[in-house]
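Letter by letter, the chains look like this.
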2 protein chains.
Amino acid sequence: MPTDRAQPAFVLIRPQMGENIGAAARAMWNFGLDRMRIVAPRDGWPNPSAVAMASGAGRLLDEAEVAGDVAEGLADRTYVYATTARPRELTKPVFSPEAAMRDAAARIARGEKVAVMFGPERSGMENADIAHAQAIITVPVNPDFPSLNLAQCVLLVGYEWRRACEEVTDVVVQGQRTDVAEHRDIEALARHYEDRLEEAGFFYPDHKAENMKVNLRNLWARMPLTRADVQMLHGALRQLLRGKTK
Amino acid sequence: MPTDRAQPAFVLIRPQMGENIGAAARAMWNFGLDRMRIVAPRDGWPNPSAVAMASGAGRLLDEAEVAGDVAEGLADRTYVYATTARPRELTKPVFSPEAAMRDAAARIARGEKVAVMFGPERSGMENADIAHAQAIITVPVNPDFPSLNLAQCVLLVGYEWRRACEEVTDVVVQGQRTDVAEHRDIEALARHYEDRLEEAGFFYPDHKAENMKVNLRNLWARMPLTRADVQMLHGALRQLLRGKTK
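Residues numbered from 1 in each chain as written. Chains lettered and ligands numbered in written order. Predicted model: local features only at pLDDT ≥ 70, side-chain atom pairs only at ≥ 80, totals over all residues. Heavy atoms only, no water.

1. Considering the environment of His183 of chain A
For His183 of chain A, the position within the fold is in helix H9 (residues 183-199). Considered as a pair, His183 of chain A and Asn20 of chain A are 163 residues apart in the sequence and their alpha carbons are 56 Å apart. (Helix = DSSP H or I, 4+ residues; strand = E, 2+ residues; numbered from the N terminus.)

This is the structure:
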């Protein structure tokens, strides 16, 4: 059963190798997409090579809709993007993957039915295929080496879909919400080290001692220490000095 | 000859299949990245399967730097991200690929030397590997199907690198001559403390020793230490132990 989450259909146009269809299914499901359509697959359908490659995402192949031509594959869609490697001489808006999937998410939220087309492995789509699309998606690849394969292109667009429709948190600092050491803990740690280093004669010569202490204080202050770190550093210092003769 | 564009090194940790190394090289070059490092490749180096797969990006393999262990592979770096599929119980910032590569671009503009680590295909990185990193990158995949392969992970981070550095090319941060310690400095410092603490019997009981060492490594990796800090911490440890009887 497909997920009930509204999403674009990913439409593979005349795919050639079964392995690539399977890899595309995996790439879709990596980002929670499970509406695959396949237009005129070269080797017919179903395709055992696709199934072998799709391991873990085989359901997408079982549920894939197969169409004889592009028009049939897109029949119920209201807005279609075509992915192309190179700019075409076509008067259509050209989106980055990110902008396209943001646009798609907004359209789907308004009740539109969206598709993204992906061309055949070797040749890419023909202009006649792209003519079915309202817009183009171009991945900003290295112009000296623009050769993305089918599953990679699916992966990047799927990745942007997930980013567009979810609040993806940019930065999470693990463990620091509850664990972060309080100032009093840092102060006690700093004093522990300062006292033992003082006894060990570290702050020498005298005229540099004050500056050295300030540097050490600054060091502790800059460190993002947790309570556990502080405990470990206290324990390390005690253990280092165990059995030391003055 | 590598491009002269400042960029992060992508460091493959103990990669297994040559084909995957080749595919990773292609994915890097798709987004204009050409500084590959390889740590302890399972099947040795050079690897004919990697070359066969890399077609068009073979130069990256010819120029790849091969290291025996993680510390050697990261020796000259000042800031390291580790890509992981699942959250780890480690106190490090966790970045989305986008936020990470924006952060990396800003660091590189300030003259820092950045690396991104990618784990072995089957198992991913061990916590001891990740302990070398200052931050984590996690791709927001479908939790029901999080299985990205090595080249896909490289592709997504490379894609975000290209997006980030296209955005920031106009931004030049000047006057911030950083004195950030290199990875080799941190490594030497970590080892110095680990060795002395080992001798002092700090890592006790035995069944907790490995975990304690990883925690300590993580602590050093998270600290924004300068070269001067590192010198001070070496000096402090030496001074603390001066005259100690075993």
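There is more to say, and it comes next.
2. Some details on the interface of chain A and chain B
If you look at the interface, chain A gives 63 residues, while chain B gives 67 residues. With both chains or domains summed, chain A and chain B bury close to 5300 Å², and 62% of this area falls on carbon and sulfur atoms. Between chain A and chain B we count four salt bridges in total. Contributing elements (two or more residues each) for the side of chain A that touches chain B: helix H1 (18-30), helix H5 (97-109), helix H7 (150-165), strand S8 (171-173), H9, helix H10 (206-222) and helix H11 (227-241) of chain A. If you tally residues by element for the side of chain A that touches chain B, the top one is H11 of chain A, at nine residues. Of the residues belonging to the side of chain A that touches chain B, the class tally is 34 nonpolar, 17 polar and twelve charged. (Contact = heavy atoms within 4.5 Å. Buried area = accessible area lost by both parts, 1.4 Å probe. Salt bridge = Lys/Arg side-chain N within 4 Å of Asp/Glu carboxyl O. Nonpolar A, V, L, I, M, F, W, Y, C, P; charged D, E, K, R; others polar.)

3. Brief notes about H1 of chain A
Residue and element names in this part refer to chain A. With 13 residues, H1 extends 19 Å from end C-alpha to end C-alpha; this agrees with the ideal 18 Å at 1.5 Å per step. Counting buried residues along H1, eleven of its 13 residues qualify, which places the element largely inside the surrounding structure. Listed in full, the buried residues belonging to H1 are Gly18, Ile21, Gly22, Ala23, Ala24, Ala25, Arg26, Ala27, Met28, Trp29 and Asn30. Where H1 ends, the next residue or the one after it, Gly32, has phi of about 80°, a positive value. (Expected span 1.5 Å × (residues − 1). Buried < 20%, exposed > 50% of the residue type's maximum accessible area, 1.4 Å probe, protein only.)

4. Examining the packing of H10 of chain A against helix H10 (residues 227-241) of chain B
Relative to each other, H10 of chain A and H10 of chain B sit at 110°, their axes nearing to 11 Å. By the angle between their axes, H10 of chain A is roughly perpendicular relative to H10 of chain B. The handedness of the crossing between H10 of chain A and H10 of chain B is left-handed. Across the interface between the two elements, Met212, Asn215, Leu216, Leu219 and Arg222 of chain A of H10 of chain A pack against Asp229, Met232 and Leu233 of chain B of H10 of chain B. (Axes fitted to C-alpha atoms, helices over the stretch in contact; angles between N-to-C directions. Parallel < 35°, antiparallel > 145°, perpendicular 65-115°, else oblique. Left-handed = near helix turned anticlockwise from the far one by under 90°.)

5. What about helix H5 (residues 97-109) of chain B?
Residue and element names in this part refer to chain B. The terminal C-alpha atoms of H5, which comprises 13 residues, lie 18 Å apart, in line with the 18 Å expected from a rise of 1.5 Å per residue. Counting buried positions along H5 yields ten of 13 residues, so the element is predominantly enclosed. For H5, the complete set of buried residues consists of Pro97, Glu98, Ala99, Ala100, Met101, Asp103, Ala104, Ala105, Arg107 and Ile108.

6. Some details on the side chain of Thr226 of chain A
For Thr226 of chain A, the location among the structural elements is in the loop between H10 and H11. The class of Thr226 of chain A is buried, set by a relative accessible area of 3%. Beyond its immediate stretch of four places on either side in the chain, Thr226 of chain A contacts Asp179, Val180 and Ala181 of chain A together with Thr91 and Arg222 of chain B.

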